[in-house]
Structure formats: C-alpha cells, structure tokens
Amino acid sequence: MTTDPAAEDAALREAADELAVAGQLPRFLLMYKFAIEELMTKLRILSEEFDFVHRHDPIEHIESRVKRPEAIKEKVRRRGLGGDWVSAAAALDDIAGIRVVCPFVSDVYEVARMLTAQDDVELLRTKDYIASPKANGYRSLHLIVRIPVFLSDRVEKVKVEVQLRTIAMDFWAAVEHKLSYKYRDSVPPDFAGELAAAARTAADLDRRMAALHERIR
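To keep things clear, this report deals only with the structure shown in the data block. Computed from a prediction, not measured in an experiment: that's the story for all the values here. (Residues numbered from 1 in each chain as written. Predicted model: local features only at pLDDT ≥ 70, side-chain atom pairs only at ≥ 80, totals over all residues. Heavy atoms only, no water.)

1. Here we look at the packing of aromatic side chains
Move 1: Enumeration over the complete set of coordinates arrives at one aromatic pair.
Move 2: Each ring, one from Tyr129 and one from Tyr138, has its centre 5.9 Å from the other, and the planes form 65°; the classification is edge-to-face. An identical accessibility class is assigned to Tyr129 and Tyr138; each is buried. (Phe/Tyr/Trp six-rings, centres within 6.5 Å; stacked < 30°, edge-to-face > 60°. Buried < 20%, exposed > 50% of the residue type's maximum accessible area, 1.4 Å probe, protein only.)

Rendered as structure tokens:
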C-alpha cells in the first residue's frame with residue numbers, strides 16, 4: 001500500500017479550515033475530518049496486518065477528502081434541504097469520503113468484510129456497482145458507514161462514504177471523469193458506447209489478472 005500521510009493531513013486540514021472559514025457551516029463538520037482519520041488508521045492496520053499474515057497487501061493505495069463547502073451548499077440546494085446545516089449533514093452521505101484502491105476484485109470484498117466486521121463500524125448501506133455496474137460502465141463497491149468520534153466532552157457518530165475498487169476500475173473512473181467534464185457541452189455521439197466498451201475491457205483485465213494471481217499462489 002502506498003500513501004502519503006503528510007499530503008493527506010495537509011489536504012484534510014485545508015478542507016477543515018475552509019469549513020471553519022465558511023461562516024454558514026457549523027463547527028461540527030470538523031467531525032468528518034476526524035472520522036476520516038479514524039477510518040484511515042483502521043485501513044492502514046488492516047493492510048499491514050494482512051500483508052504480514054498472508055504475504056499479500058489487499059490495499060494498493062488510499063485517498064480521502066472532505067467535500068468542499070461550495071460543493072456541500074450546491075448539493076443541499078439541488079436536493080432542497082434548506083439552510084438547516086444539521087439536517088442537511090444528516091441527509092448527505094458523502095461529505096466525508098475515502099477511496100480504497102485494491103489490486104484484485106477479491107481484495108475489494110475482503111477489505112470491505114474486514115472493515116465492517118469491526119465492532120465500532122456500523123454499516124448503513126451498500127451499493128455494489130461491481131456486481132451491477134452503472135449504465136455507463138462504472139464499477140465500484142460503495143459503503144456508507146458510521147463510526148464514533150471521541151471528543152473531550154462527547155461522542156459523535158459520523159457517516160463516511162467508502163468507495164472500494166480495483167486499479168483498473170479506478171483508472172477507468174478517473175479518465176471517465178476527466179473526459180465527461182471536458183466534453184460535457186459537446187459529447188461525441190459515440191462517447192457513451194466507447195466508455196462502456198472501455199469498462200468491459202477493464203473488467204476483463206481484472207479477471208485475467210486475478211487468474212494470473214491465483215496461478216502464482
């Protein structure tokens with residue numbers, strides 16, 4: 001697993017500072033930063049322990065983010081949640097997000113199983129876009145979990161969206177996002193078909209690499 005803790009901490013601090021500066025957003029949104037830090041620690045422990053026991057690291061790398069205030073406000077506006085930020089935060093699942101990239105599809109499900117088996121990780125919802133890909137070909141396993149954040153005077157239970165995917169899925173999703181953003185006003189007629197075909201190629205690559213992995217084992 002490759003991570004850059006210093007870069008992650010800097011990004012989280014920047015997001016947290018923006019939340020604090022944005023006057024309309026309450027201080028309690030910093031809980032999302034703390035929740036991410038809790039989950040990142042859990043995932044790093046699982047990665048290192050699994051690698052030690054099984055000589056295979058199921059996590060290639062991890063990324064995290066706290067949604068920026070502007071993005072939160074826009075989503076709240078689109079969903080008609082009003083100006084009550086406490087209610088809005090309760091309704092939104094993706095204010096805090098972690099992306100876990102794994103070598104193989106089997107690792108995706110194994111990491112999800114190990115994480116949600118922990119006593120203080122409450123699984124709220126699962127969306128399995130690997131078993132049932134989106135129409136455009138998107139594949140990933142999404143978990144909405146809730147974990148306790150222990151403060152000096154109270155315990156807050158905070159939701160985090162965890163996305164787990166393979167390297168091939170992550171590459172497809174990253175390029176699809178860039179292309180869709182670039183061509184959103186003038187999407188080529190065959191764009192959707194090419195994306196879907198590329199997604200099938202990525203899925204085939206996952207299957208072939210998994211078969212090679214099993215042969216080596």
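2. Some thoughts on empty space enclosed by the protein
Move 1: Tallied over the full model, the rule gives one cavity of 30 Å³ or more.
Move 2: Looking at the largest cavity, its volume works out to about 40 Å³.
Move 3: As for the largest cavity, its lining consists of Gly137, Tyr138, Arg139, Met169, Trp172, Ala199 and Ala202.
Move 4: Those elements that provide at least two residues to the lining of the largest cavity are α6 (167-182) and α7 (191-216).
Move 5: Among the residues forming the lining of the largest cavity, the class breakdown is five nonpolar, one polar and one charged. (1 Å grid on protein atoms, 1.4 Å probe; cavity = no way out; pocket = protein on both sides within 12 Å on 5 of 7 lines; lining within 4 Å. Points joined across faces, edges and corners; volume = space filled by probe spheres on them. Helix = DSSP H or I, 4+ residues; strand = E, 2+ residues; numbered from the N terminus. Nonpolar A, V, L, I, M, F, W, Y, C, P; charged D, E, K, R; others polar.)

3. Here we look at a nonpolar patch on the surface
Move 1: A contiguous nonpolar surface patch, about 260 Å² in accessible area, is contributed by Leu205, Met209 and Leu212.
Move 2: Tracing the chain through its elements places Leu205 in helix α7.
Move 3: We classify Leu205 as partly exposed; its relative accessible area is 42%. (Patch = residues over 30% accessible without salt bridge, like charges linked within 9 Å, V, L, I, M, F, W, Y side chains within 5 Å. Areas by Shrake-Rupley, 256 points an atom, 1.4 Å probe, with all protein chains shown as cover. Salt bridge = Lys/Arg side-chain N within 4 Å of Asp/Glu carboxyl O.)

4. Some remarks on the sheet that holds strand β1 (residues 61-66)
Move 1: An order of β1-β2-β5-β4-β3 is seen for the five strands of this open sheet, with the pairing classed as mixed. The open sheet terminates on both sides in strands that have one partner only, identified here as β1 and β3 (122-128). Between one strand axis and the next, the sheet turns by 25° as a mean value, whatever way the strands run.
Move 2: One ladder, built from ten bridges, connects strand β4 (residues 141-150) with strand β5 (residues 155-166); its direction is antiparallel. Bridged to Leu141 within β5 is Leu164.
Move 3: Here α6 sits on the sheet in contact with β1, β2 (96-102) and β5, set at roughly 95° to β5. (Pairing = 2+ DSSP bridges. Axes fitted to C-alpha atoms, helices over the stretch in contact; angles between N-to-C directions. Contact = heavy atoms within 4.5 Å.)

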